Amino acid sequence: MQTFELILFLLAAVIASSVLDKFLPRVSLPLVQVALGAVIAAAVATPLEWGIDPELLLILFIAPLHFNETRHVDSGALWKNRWGIAALSVGLVFAIVIACGATLHALVPAIPLAAACALGAAMGSTDAVAVTALTHDRRFGSRHEALLKGEALFNDVTGTVIFQCCVTLLATGAFSLVHAGEEFALDLFGGFAGGLVMGVLAWGLLELIRRTGLDTPTLHVMLELLLPFVIYLTAKSLHIGAVIAVVAAGLVMSLLPQRHTVATARTKLQAAGVWQTLEFVLNGIIFVILGMQLPRLLAPAAEGSLGDPAALLGAVAVLTVVLEGVRFLWLLAMDALAAARAGRAAASCLTAQALRGTLAVAFAGAKGGITLSLMLTLTAAGALSAADRSMLVSVASGMIVLTLVLADFAVPALVPSKRSAARSRDRVDAEVSLILEVIASIRADAPFTGAVRTGEEASAGAPAIIDEPATVIVMHRYAEILEDLVPAASPAAAARARAEIARVGDLYDRMDALSRAAAQWDGETEDDEAGEGPVGAGPSDADADAAGGLTGYFQALRATYEAVEDVQSQALARELQLIKQMREAGVIDAAHAKELRNDVYIQQLTLD
């Protein structure tokens, strides 16, 4: 019962954070969830205040989120930048271990160098959950984006192996380079190979079920949800890298051929909705849990039991600067090498715009659940005193918070959002013209103009009549799209859009007034029927006429909303024709036309 209450409590916290996010537009949702978790932990006693199982954190949250991420990642971009990703996933982690370990040992000599390097190894693991949640709407450039996603998916193997070697060195005082190399190879290459095999087997199972006719959208989605947990547990039983196996399986399943039919499209649409909801819930819970751990982990430092709190805070700040500085210099060197291979001067990487992009990628490597789960395992390191363990965990927690804050505030200041970057004025003007043409075609295809006219019966108390209200409803949907486009459009296109929005809005408001009049008329009829009258008297002719008119009105209203789908379907077909014409005329490019067509296809699937 206590576990069930905790689950409900976490779900309520995620919902509350989503509501709070609407009132804090300058703060990202993950940071709101971390702050909410910290407030909850400080105010309410929960089982999580005594800590969480790191292994449970990995399998319950990291495995499904990594698996879902690989379903959407551009595998071609990852392969194209494979050497850069390898440099970040291996070389940069070693550099961070050395830099952060040496810095912490110099600042606090009482902490053994091996323990300081363990902290550096935990900090070398960029958290894919945090990176995706904080930077998914930022435009870094295709190469930088591929590097960032690839690093987040693969670098935890290096950090975990180095961390385990440091802990072993602390416990035994001995270190074997050969053993460390074997562990790394088994985790990385063994996990990758095992993941490829399990991914092919999972794909074959799904295809077999589909070909035998047993596949249904519900069964397919349930199997997809189960796969990351099965792959993770199988990899753990084989003593290979479990997280990397989940990543490899997801990648190979996304690359293998898939049948493209109407049924599979609907299944994918349903699966996408389920995964989107699951991703939101798991992301929210993991950040709330992270926030709930912070008061417990930072309390010893705040109370002064670990020394001067100001000195400890200064150490956290210095280590964060070292961490971000090493990331920035490493990325800058990689950018210079990439420019040289492309035949450009290395100085091109030193322009203001290039430096802003490189610095944004450096700040985007936030730390989160992976780092915290590794640091919590330090309790098993018997060579460390309780005070040293508390200090290391407190320093790591402080660095996690600072990296999240930097990713939340610095990255948006350095790079634009994908939405604003993609919406150039020419693209927006083309979309405005497209929507205006669609609205015009809807109006032309309607039996009437869609205008509101009032007959003589309106003066007698009956509602006004709308010719083709379904047409007005669909036109209003497209007018709402125009409202979103107006702020980024040119003055001329914006003026045309506003004029059309006003015309459609007037029609829609009149139709809404009709609905209110009908509701009022309905209420007056009910009052008349409930009035006092002779006992046993039957309904009057006026009551019968009113009831019949009301029934007819609502039958017409139901028919109208059934007609909306037909009008919408015709409008979407016309929109596809207009997109093709605009592409042939050179008004929009191929990539823009593909995006617009995909939006239409999704709406058509929704209607079907």
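Read on for a plain summary of the structure. Since this is a predicted model, take the numbers as computed values, not measurements.

### Structural notes on helix 15 (residues 369–376)
Side chains three or four residues apart in an α-helix point the same way, a direct result of the helix having 3.6 residues per turn. Burial analysis of helix 15 places eight of its eight residues in the buried class, which makes it a mostly covered element. The complete set of buried residues in helix 15 reads G369, I370, T371, L372, S373, L374, M375 and L376.

### Quick notes on the packing of helix 15 against helix 16 (residues 386–414)
Two quantities define a packed helix pair, namely the angle between the axes and the distance from one axis to the other. Contact geometry for helix 15 and helix 16: axes closest at 10 Å, N-to-C directions at 175°. Accordingly, the angle class assigned to the pair helix 15 and helix 16 is roughly antiparallel. On helix 16, the residues that touch T371, L372 and M375 of helix 15 are L392, V393, A396 and I400. Along the lines of polarity and charge, the residues of the contact of helix 15 with helix 16 split into six nonpolar, one polar and no charged.

### So, the environment of M375
Looking at the element boundaries, M375 is found in helix 15. Relative accessible area serves as the criterion here: at 1%, M375 is assigned to the buried category. Residues M375 and L392 lie 17 residues apart in sequence; the distance between their C-alpha atoms is 7.8 Å. When neighbours within four sequence positions are excluded, M375 is seen to be in contact with L119, A122, F163, L392, V393 and A396.

### Observations regarding the pattern of salt bridges
Taken as a whole and assessed by the stated rule, the structure comprises eight salt bridges. Here K149 ties to E145 by a salt bridge, and the two come within 3.4 Å at their closest N and O atoms. On the criterion of helical spacing, the pair formed by K149 and E145 is a turn pair, its members being four residues apart in helix 8 (residues 142–172). A relative accessible area of 29% places K149 in the partly exposed class. A salt bridge links R210 to E207, with the nearest nitrogen and oxygen atoms 2.4 Å apart. Here R210 pairs with E207, and both are found in helix 9 (residues 177–211), just three residues apart, close to one helical turn. According to the relative accessible area criterion, R210 is buried, its value standing at 14%.

### Comments concerning the side chain of T371
Checked against the element boundaries, T371 lands in helix 15. At 2.9 Å, the side chain of T371 and the backbone oxygen of A122 are in polar contact. With sequence-adjacent residues up to four places away left out, T371 is seen in contact with A122, M123, S125 and I400.

### As for unusual backbone geometry
Among all residues except glycine, the phi angle is most often negative; among peptide bonds, the trans geometry is most common. Look at H239: it is not a glycine, yet its phi comes out positive at around 60°. With respect to the element layout, H239 can be found in the loop between helix 10 (217–237) and helix 11 (242–255).

### A few points about the packing of aromatic side chains
Inspection of the entire model under this criterion finds two aromatic pairs. Here F67 and W275 contribute two aromatic rings whose centre-to-centre distance is 6.1 Å and whose plane-to-plane angle is 40°, an arrangement assigned as tilted. Taken as a pair, F67 in helix 3 (residues 54–70) and W275 in helix 12 (residues 262–303) lie far apart in primary sequence, 208 residues in all. We classify W275 as buried; its relative accessible area is 2%. Measuring from centroid to centroid gives 6.5 Å for F154 and F192, while their planes differ by 45°, and the two rings are tilted. Residue F154 is found in helix 8, and its partner F192 is found in helix 9; the two are separated by 38 residues along the sequence. Overall, F154 belongs to the buried group, its relative accessible area being 15%. Against the face of W79 rests R82, its NZ or CZ located 4.2 Å from the ring centre.

### Regarding the side chain of S17
Mapped onto the elements of the fold, S17 is located in helix 1 (residues 2–23). With a relative accessible area of 0%, S17 lands in the buried category. With sequence-adjacent residues up to four places away left out, S17 is seen in contact with L29, V32, Q33 and L36.

Basis of the calculations
- Residues numbered from 1 in each chain as written.
- Predicted model: local features only at pLDDT ≥ 70, side-chain atom pairs only at ≥ 80, totals over all residues.
- Heavy atoms only, no water.
- Buried < 20%, exposed > 50% of the residue type's maximum accessible area, 1.4 Å probe, protein only.
- Helix = DSSP H or I, 4+ residues; strand = E, 2+ residues; numbered from the N terminus.
- Axes fitted to C-alpha atoms, helices over the stretch in contact; angles between N-to-C directions.
- Parallel < 35°, antiparallel > 145°, perpendicular 65-115°, else oblique.
- Contact = heavy atoms within 4.5 Å.
- Nonpolar A, V, L, I, M, F, W, Y, C, P; charged D, E, K, R; others polar.
- Salt bridge = Lys/Arg side-chain N within 4 Å of Asp/Glu carboxyl O.
- Polar contact = N/O pair within 3.5 Å; in protein donor to acceptor, adjacent residues only side chain to side chain.
- Phe/Tyr/Trp six-rings, centres within 6.5 Å; stacked < 30°, edge-to-face > 60°.
- Lys NZ or Arg CZ within 6 Å of the ring centre and 35° of its normal.

Read these as layout, nothing more, since geometry by itself doesn't imply function.
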